[in-house]
Amino acid sequence: MTEEDRSLELQGDALRRLIEAATERILAHIESLPRQPSADVAGGAELARSLAEGDLPETGTPAEELLDLLFDRVIPKSFNTAGPGYLAYIPAGGIPQAAVADLIADSVNRYVGVFAAAPGLAQLEENVVRWFCRIAGLPPAARGVLTSGGSLATFSAVVAARADRLPENFLSGTVYASDQAHYSVEKAARLAGFPAGSVREIATDALFRIRPDELERAIASDRAAGKTPFLLVGNAGTTNTGAVDDLAALAAIARREELWFHVDAAYGGFFLLTAEGRRRMAGIEQADSIVLDPHKGLFLPYGTGALLVRDGDTLRRAHAMTADYLPENAADPELPDYHLLSPELSRDFRGLRVWLPFKLHGVGPFRRNLEEKLELTRWAAERLKAIPGIEILAEPQLSIVAFRLRRDGWTDAELDRINRGLLESINSRKRVYLTGTLLRGRFAIRICVLSFRTHRDRMEAGLEDIRAAVDEVTRITPAS
Ligand SMILES: Cc1ncc(COP(=O)(O)O)c(C=O)c1O
């Protein structure tokens, strides 16, 4: 075997050529995003089957061939989550500046989970955490970690609350969240060891916000039944409709009932950069813990969430462990040793993907983008109301509006079927991609405006497509 056979170090300028070839493809892809369909997964299962490979690749394949496969065949068959027409689920777009940060982070491959291994880089990540604490209005004792996403952050929040508020035998512990809470709350409770039924689903009001009276009733009846209420989850922007609970009222109940107050701000949190967001989410600064998702409201690529905890020691007590083979932890508690605050030890240097874009641009463009998304959503709601037969099921509280088409005489089953058809018809035009949900059992179509690439022109195209689809559906199913 020759040295060349064994080497994984690209020789000569091969690495530069590989980066340049990938860069060419990436730039062409980004440039074409507005012309790409908003989603195209027709034949996706066949594609997936054709890509399945059982045998190990014993020999190498030229880079160009692999890039062709990715960019020409595989990537196009997907929801265009990076495009301006992606108004589905919770978009973000994925600013490519973060990908440059990832390239640097992966190339230098430093170890930021342990402070001693890369003190300066760990501090850069800590700057990001502290900026987030500042955005949320948390005090100096707050600490946090960047996670792979909101779900993992929620898991650590539940574990921290459990460790802080419950005894070793925690099985009677009970969690409270609204019937609009994201399923990651229930999942986190199950993963943290709580039995089924430990998360109480509290009814919401006409605006899909948790009802404090129902909450207090549930807490009292659980206490009477021998349960141990310990954790209250408030929503700062639900996935369904962007509803924001009355966080100040929830904070007061949590204080009175001695519950850990957690806020799921995965979707809504970064709207705190705007005046309207701060007004809607007043009270969030009283939370014991907060989940934020930079891969939503900061437009980062998927893979970055954050957990902030008011009293950093509680996060540390829940996660800290030591081992003989690790370097000493930082002596100064101000210095970040992330493996003590999180389930992870080895991990990517995800702080850089926030740090670089924030430092490159300053926070201003992020704030203005978020203001624009709020404005575009209000604009879309007004335009929807002007379409005969459209009923708004959820007015925008942040950047989501939910609606359906309704005609006198249609039964519930017809309404459901017709609106599913309407959604399909809108999406078949491929300029925008919307998704549906159930709101109190009724099928609703959602528009969620959060991609940094979505601007007025694409919203106008989307509204045009909605109007055309409504006309089409109404022609097929006239009012009875
Ligand atoms: C309100 C809310 N909470 C939590 C999550 C879970 O976050 P992630 O998908 O980053 O795990 C989401 C995801 O959409 C969400 O919208």
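First, a word on scope: everything that follows refers to the structure included in this document. (Residues numbered from 1 in each chain as written. Predicted model: local features only at pLDDT ≥ 70, side-chain atom pairs only at ≥ 80, totals over all residues. Heavy atoms only, no water.)

1. Some remarks on the overall build of the protein chain
Put simply, the rule reads: Only runs of H or I of at least four residues qualify as helices and only runs of E of at least two qualify as strands under DSSP, and these elements are numbered from the N terminus. The quantity called the radius of gyration is restricted to C-alpha atoms. Its globule counterpart is 2.2 Å times the number of residues to the power 0.38. Categorising residues by exposure relies on relative accessible area from a 1.4 Å probe, with only protein chains included: less than 20% of the type maximum marks a residue as buried, more than 50% marks it as exposed, and the intermediate range marks it as partly exposed.
When helices and strands are counted, the protein chain shows 17 helices and 13 strands. Expected size for 480 residues packed as a compact globule is a radius of gyration near 23 Å; at 24 Å, the protein chain falls within 12% of this value. Seen through its principal axes, the protein chain has C-alpha atoms that stretch 80 × 60 × 45 Å. With 480 residues in all, the protein chain has 49% of them scored as buried.

2. Here we look at the site of the ligand
Here is the rule: Only heavy atoms are used to decide nearness, and a residue is near a molecule or strand if one of them lies within 4 Å of it. Counted as a polar contact is a pair of N or O atoms within 3.5 Å, where, for protein atoms, one must be capable of donating a hydrogen and the other of accepting one, and residues adjacent in sequence contribute only when both atoms are in side chains. Using a 1.4 Å probe, accessible areas were evaluated by the Shrake-Rupley method; residue-level cover was limited to the displayed protein chains.
Inspection of the region around the ligand gives 13 residues, with G150, S151, D264, D293 and H295 positioned closest. Here an oxygen atom of the ligand and a side-chain polar atom of S151 are 2.6 Å apart. At 2.7 Å from a nitrogen atom of the ligand is found a side-chain nitrogen or oxygen belonging to D264. Taking 390 Å² as the accessible area of the ligand by itself, protein coverage stands at 84%. Every element with two or more residues in the shell around the ligand is listed here: α7 (150–165) and α12 (294–297).

3. Details of helix α10 (residues 247–257)
Note the cut-off: Directions drawn from the helix axis to the C-beta atoms are what define this arc. What makes two residues a contact is simply this: any of their non-hydrogen atoms within 4.5 Å.
Those residues of α10 not exposed but buried are L247, L250, A251, I253 and A254. Each buried residue of α10 sits inside an arc of 165° when the element is viewed along its axis, so together they form one side. Seen from the buried face of α10, the exposed residues on the opposite side, beyond 90 degrees, are R255 and R256. Along its buried surface, α10 packs onto α9 (212–224), β6 (228–235) and β7 (260–265). Phi turns positive, to about 55°, at E258, one or two residues after α10.

4. Quick notes on the pattern of salt bridges
The criterion, for reference: In what follows, salt bridge is the name for a side-chain nitrogen of Lys or Arg lying within 4 Å of a carboxyl oxygen of Asp or Glu.
Scanning the model with the defined rule gives 36 salt bridges in all. The shortest N-O distance in the salt bridge between R223 and E257 comes to 2.9 Å. Of the two residues, R223 is situated in helix α9 and E257 in helix α10; the sequence distance between them amounts to 34 residues. E472 serves as the salt-bridge partner of R429, at 3.0 Å between the closest nitrogen and oxygen. On the criterion of sequence distance, the pair formed by R429 in the loop between α16 (412–428) and β12 (435–439) and E472 in helix α17 (residues 456–476) is long-range, its members being 43 residues apart. A residue is classified by how much of its surface remains accessible, and E472, at 30% relative accessible area, is partly exposed. Each of the salt bridges in this network shares a partner with another, and the network as a whole consists of R25, E64, D68 and D72.

5. Concerning the nonpolar core
Put simply, the rule is: In plain words, nonpolar cores are sets of buried Ala, Val, Leu, Ile, Met, Phe, Trp, Tyr and Cys residues tied together by side-chain atoms within 4.5 Å.
Core analysis: the largest hydrophobic core is formed by 91 residues, its most contacted members being F132 and I290. Core analysis: the second largest hydrophobic core is formed by 30 residues, I392, L422, I445 and V449 among them.

6. Topic: the packing of aromatic side chains
Filter applied, for reference: When the centres of two rings from Phe, Tyr and Trp lie within 6.5 Å, Trp using its six-membered ring, the rings pair. Their planes under 30 degrees apart give stacked, over 60 give edge-to-face, and anything left gives tilted.
Counting across every chain of the model gives eleven aromatic pairs. When the ring of W131 is compared with that of F358, the centres are 5.6 Å apart and the planes differ by 25°; the resulting orientation is stacked. Of this pair, W131 sits in helix α6 (residues 119–136) while F358 sits in helix α14 (residues 351–361), and the two are 227 residues apart along the sequence. With a relative accessible area of 28%, W131 lands in the partly exposed category. Taking the relative accessible area as the measure of exposure, F358 reaches 9% and is therefore buried. Ring plane angle 55° and centroid distance 4.9 Å describe the contact between F170 and F194, whose orientation is recorded as tilted. Taken together, the positions of F170 in the loop between α7 and β4 (173–178) and F194 in the loop between α8 (183–191) and β5 (199–202) put the pair 24 residues apart, joining distant regions of the chain. Residue F194 is classed as buried on the basis of its relative accessible area of 2%. By way of ring pairs, the aromatic residues W131, F299, F358, F366 and F452 are connected into one cluster.

7. Quick notes on helix α13 (residues 312–319)
Those residues of α13 that sit buried are G312, T314, L315 and H319. In an axial view of α13, the angular spread of the buried residues amounts to 165°, which keeps them on one side of the axis.

8. Quick word on the pairing of β12
Moving residue by residue along a regular strand, the side chains alternate between the two faces of the sheet. Using the following cut-off: Two strands are counted as paired when DSSP detects at least two bridges linking them.
The alternating pattern of β12 places T435, T437 and L439 on a buried face and G436 and L438 on a face that is not buried. Inspection of the sheet shows β12 paired to strand β13 (residues 442–448) by five bridges, in the antiparallel sense. When the bridges of β13 are listed, T435 appears paired with R446.

9. A look at the packing of α6 against α14
Put simply, the rule is: Only the stretch in contact is used when a helix axis is fitted, and all axes are lines through C-alpha atoms; the angle between N-to-C directions ranges over 0 to 180 degrees. Every angle not falling under 35 degrees, over 145, or within 65 to 115 is termed oblique; those three ranges are roughly parallel, roughly antiparallel and roughly perpendicular. For this scheme, ten residues count as nonpolar: Ala, Val, Leu, Ile, Met, Phe, Trp, Tyr, Cys and Pro. Four count as charged, namely Asp, Glu, Lys and Arg, and the remainder, Gly too, count as polar.
The N-to-C vectors of α6 and α14 enclose an angle of 70°; their axes lie 9 Å apart at closest approach. When the axes of α6 and α14 are compared, the pair comes out roughly perpendicular. Facing L124, E125, N127, V128, W131 and F132 of α6, the residues of α14 in contact are G351, V354, W355, F358 and K359. For the contact of α6 with α14, the per-class residue count stands at seven nonpolar, two polar and two charged.

10. Concerning the sheet that holds β5
Sheet strands pair by backbone hydrogen bonding; their relative direction is either parallel or antiparallel. Sheet architecture is open: seven strands sit in the order β3-β9-β8-β7-β6-β4-β5, paired in mixed fashion. Both outer strands of the open sheet, β3 (143–147) and β5, are each paired with one neighbouring strand and no more. Between one strand and the next, the sheet's axes are offset by a mean angle of 20°, whatever the strand orientation. Bridge count for β4 against β5 is four bridges, and the pairing is parallel. Note that in β5 the partner of V175 across the bridge is V199. The strands touched by α13 are β3, β7 and β9 (305–309); relative to β9, the strand with the most contacts, the crossing angle is about 115°.

11. Structural notes on the environment of G409
Relative to the helices and strands, G409 is located in the loop between β11 (400–405) and α16. Considered as a pair, G409 and L326 are 83 residues apart in the sequence and their alpha carbons are 70 Å apart.

Scope: geometric values only; no functional claims are made or implied.
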